[in-house]
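The primary structure of each chain is shown beneath.
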Amino acid sequence: MTALELVGITKRFGQTEVLSGIDLAVAEGEFAVFVGPSGCGKSTLLRIIAGLDGQTSGQVRIAGANADGLAPAKRGIGMVFQSYALYPHLNVAQNMSLALKRAGLARAEIERRLTVAAEMLELTPLLKRKPGTLSGGQRQRVAIGRAIVRQPKLFLFDEPLSNLDAALRVNTRIEIANLHRLLGTTMIYVTHDQVEAMTLADKIVVLSSGTIQQVGRPIELYTAPANLFVAGFIGSPKMNFIAGAEARRAGAKTLGIRPEHIRIANENPRWDGVVRHAEHLGSDTYLYVRTDTAGELTVRVAGEAQAAVGERIGISPAPATLHRFDDADLRLAPL
Amino acid sequence: MRCSAGSTAINSKLARRFAAHAVLIGYTAVALWPVLFILANSFKSRRAIFAAPLALPGPGSFDLVGYTTVLRGGSFGTYFANSLIVTLASLAGIIAFGSMAAFALAEYRFRLNTLTGLYLMLGIMIPIRLGTIGILELMVGTHLVNTLAALILVYIASGLPIAVFVLTEFMRTISDDLKNAGRIDGLSEYEIFGWLALPLVRPALSTVAVFTMIPIWNDLWFPLILAPGESTKTVTLGAQQFIGQYVTDWNAVLAALSLGILPVIMLYVLFSKNLIRGISSGAIK
C-alpha cells in the first residue's frame, strides 16, 4: 500500500514556479529522503504534504485518501522541525501531549503514550523541564517525541540535524534510523546533505529547480545516476567531469568518473598530470591532479599515498567505471 | 612597557565610563528638575512659592493648602477616575487591535499587505490633531461629545499606527517553525496568535503600552475639545480650572499636577521590567 502519493504537484509564488509536476509514491514503512541544494523546492514540497502550504495544482494522497483541504492536524502526520519549535512556556511533558489533548484523547491514554515515548527517547527524567533548560540534542529528542506520541501515519522531518554539531549529528542520525526500524512508520525526511540521504534512506528523491531528477535506492543513485546533476550531487568528493575531445572520443558530451575509481598507474597511464594539492585524511588521501588532457581531476586513494605537491604522476580509471552523458546531460548506457 | 600600555587601556576605559555616566546623570537631572520643582513647591505656602521658588519646603514655608483646595473641591476624584478609565480603555484597545493587526501583517500573505502597512505608517507621520475639526464634527454627529467614549476612540485611533508598526517587527521575529508546529498540533489561528505569539512579544507589548499611555494621560487638547463637561473632565483638564485669566491658584495647580503624576509612575513601575527588555531586545540580537 502507498503511504503517500503525490500526483502532478505544482507550486507557484506569483510568476515563479518553485515546483513543477511532482509525481511520487512512497510505500508504507519506507524511509524516503528528499535531497537537493537549497532552493530546489524540497522544503516547500514537505510543507505541501503537511498541509502548511497549499499546492497550485495536483493532489496529495495520504494512506490512500485525498488530503487536499484537510487541516495539518487532521492529516495523521507528525513533524519534526529544524529549529525544534518547542513551545517555550510548556514543559517537556506538556509539549509532547498538547496535540493529544487537542485531539480529545482520554487522560490515561495520553499518559500511557507519553510514558512509552519518553522511555524510548530517554526523556523520562526531563519531563518536568522547560525547553529553555535543555541542550540542543535533548530538544531534538523532545521534538521527535512530540511527533511519536501522535502515532502518525507519516513522519515528516525538515532538516532535523542541521542545528546539531557534527558529533551529535552522527549519533542522532543513527537514532533516527533505529527509530524507523522500531516503529516501522513511513518517514519523509528533507535534507540538503547527501551523506544523510545515503545513510538513512530506503528511497532517495533528488530534487533540483523544482523537478524530480531521480528516484531510487541510494546505491542505484551512486552506480547509475540518471543525469549529470545527480552524478555531481551524490558522492563525496564530487564526481569528476571531463568534457571536450576526450569525451567526444567516447561518444559523449561529458564523461564522469568518481574520485575513488581512479588509480595511480605507473605503466600506460590514461592521463598524466601534476599533483596540485593533497589532503591526507589517514583513511584516504585526496589528490587534486591537473592533467594534461582531461583538466583537473580529484583522485581518492585508500590509505596514505606518498604523492608530493608538484610531483608528476600517471592515473587511470578502474575498468567499467566511466559514466557517459549525452548533449541533454542524460546518462548513456555504459560502453 | 607592556604594563603601562595596560594601565592606559584601563584608564581610557574608566574615562569612557565616567563620561557616559556624566552624560546620563546630567540628563536625569534635567529631566527630573521640573518634576522636583513642582513637587517641592506644591508643599509650600503661596507666599513661600513666590519668595523663594527654589527653596525646599521648610518649617516656615510648609503648607498643605494646595492639596486641601484640590481635594475639597470634590470633583477631583471624578477627574482622576475619568483619566484612569480613558487611559486604560485606550491602552487595552490599542494593545488588542494593534497586536492583532501586527500578527496579520507579519504572518499572512495577502494582496494588500504592504499597502495596508504603508497606510498605517501614514498615521505615524501625520499628527491626529490636524483632523480635530473633522473629529469634532464626527463626534457631534454621533452624539459622543462630552462622553469618555469619544476620547477613548480618538486615542485608540491615534495610538494604533505606532503600535502596529512596532509590534509587526516583533511578530516577524517569531519562528515560522513554532507557528507551524502549533498548526500541526491542532491549534487554531486564534490560538496561535493569543497563546503562542502574544506571550513571546510581551516585552514589546509593555514598551508600546508605556509609550502610548503617557501622552494619553497628559493630553489636554482632546479633553478640552471633545469632553470639557464637568462629569467627563480628565485630571490635566481639571487642573486648568485653578489657572484663571486674572488669578491663578498656584498651590492648587501644583498639587493637582503632583497628584496627576502618581498613577503614571505606578503604571510605569508595573511595566518597566518588560519595558527595558523590549527596548534592548530590539537593539541587541
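Residues numbered from 1 in each chain as written. Chains lettered and ligands numbered in written order. Predicted model: local features only at pLDDT ≥ 70, side-chain atom pairs only at ≥ 80, totals over all residues.

Attention now goes to the environment of Y119 of chain B. Following the sequence through the fold, Y119 of chain B ends up in helix α5 (residues 113-125). The sequence separation of Y119 of chain B and A40 of chain B amounts to 79 residues, and the corresponding C-alpha distance is 46 Å. (Helix = DSSP H or I, 4+ residues; strand = E, 2+ residues; numbered from the N terminus.)

All right, on to the sheet that holds strand β8 (residues 186-191) of chain A then. Residues and elements named next belong to chain A. The six strands lie next to each other as β6-β7-β8-β3-β9-β10, forming an open sheet whose pairing is mixed. Each having just a single partner strand, β6 (77-80) and β10 (211-216) make up the two edges of the open sheet. Pairwise comparison of adjacent strand axes, ignoring direction, gives a mean angle of 15° for this sheet. Pairing between strand β9 (residues 203-208) and β10: five bridges, direction antiparallel. Each residue of the ladder has a partner; that of V206, found in β10, is Q214. (Pairing = 2+ DSSP bridges. Axes fitted to C-alpha atoms, helices over the stretch in contact; angles between N-to-C directions.)

We now examine the interface of chain A and chain B. Tallying the contact residues gives 16 residues for chain A and eleven residues for chain B. The set of elements that each furnish at least two residues to the side of chain A that touches chain B consists of β6 and α2 (92-102) of chain A. If one sorts the elements of the side of chain A that touches chain B by residue count, α2 of chain A sits on top with three residues. A breakdown of the residues in the side of chain A that touches chain B according to their chemical character gives twelve nonpolar, three polar and one charged. (Contact = placed C-beta atoms within 7 Å. Nonpolar A, V, L, I, M, F, W, Y, C, P; charged D, E, K, R; others polar.)

Let us now look at the packing of helix α4 (residues 76-107) of chain B against helix α7 (residues 148-172) of chain B. Residue and element names in this part refer to chain B. Where α4 meets α7, the axes come as close as 6 Å, and the angle between the chain directions of the two elements is 35°. Crossing angle aside, the handedness with which α4 passes α7 is right-handed. Residue composition of the contact of α4 with α7, grouped by class: 20 nonpolar, seven polar and two charged. (Left-handed = near helix turned anticlockwise from the far one by under 90°.)

Residues and elements named next belong to chain A. Reading across the sheet, the four strands line up as β11-β12-β18-β19 and stay open at both edges, with antiparallel pairing between neighbours. One side of each edge strand has no neighbouring strand; the edge strands of this open sheet are β11 (240-243) and β19 (331-332). The pairing of β11 with strand β12 (residues 254-257) spans four bridges and is classified as antiparallel. Across the sheet, the residue bridging to I242 is L255, located in β12.

As a further point, take the domain arrangement of chain A. Residues and elements named next belong to chain A. Each assigned domain of chain A is listed with its residue range as follows: domain 1 (2-230) and domain 2 (238-332). The gap between the C-alpha centroids of domain 1 and domain 2 is 38 Å. Across the boundary between the two partners, domain 1 contributes five residues, which contact six residues of domain 2. Across the side of domain 1 that touches domain 2, the residue classes break down as four nonpolar, one polar and no charged. (Domains from an automatic or database assignment.)

This part is about the nonpolar core. V33, F34, I49, L156 and I188 of chain A are the most contacted members of the largest nonpolar core, which has 86 residues in total. The dominant element in this core, judged by the number of residues it contributes, is α2 of chain A, at six residues. Here this core gathers at least three residues from each of two domains, domain 1 (2-230) and domain 2 (238-332) of chain A. Ignoring any residue separated from it by four or fewer positions in sequence, one finds I49 of chain A in contact with L4, V60, L156 and I188 of chain A. Residues F103, V164, A209 and F222 of chain B belong to the second largest nonpolar core, which totals 43 residues. (Core = buried A, V, L, I, M, F, W, Y, C linked by C-beta atoms within 7 Å. Buried ≥ 20, exposed ≤ 12 C-beta atoms within 10 Å, placed from the backbone.)

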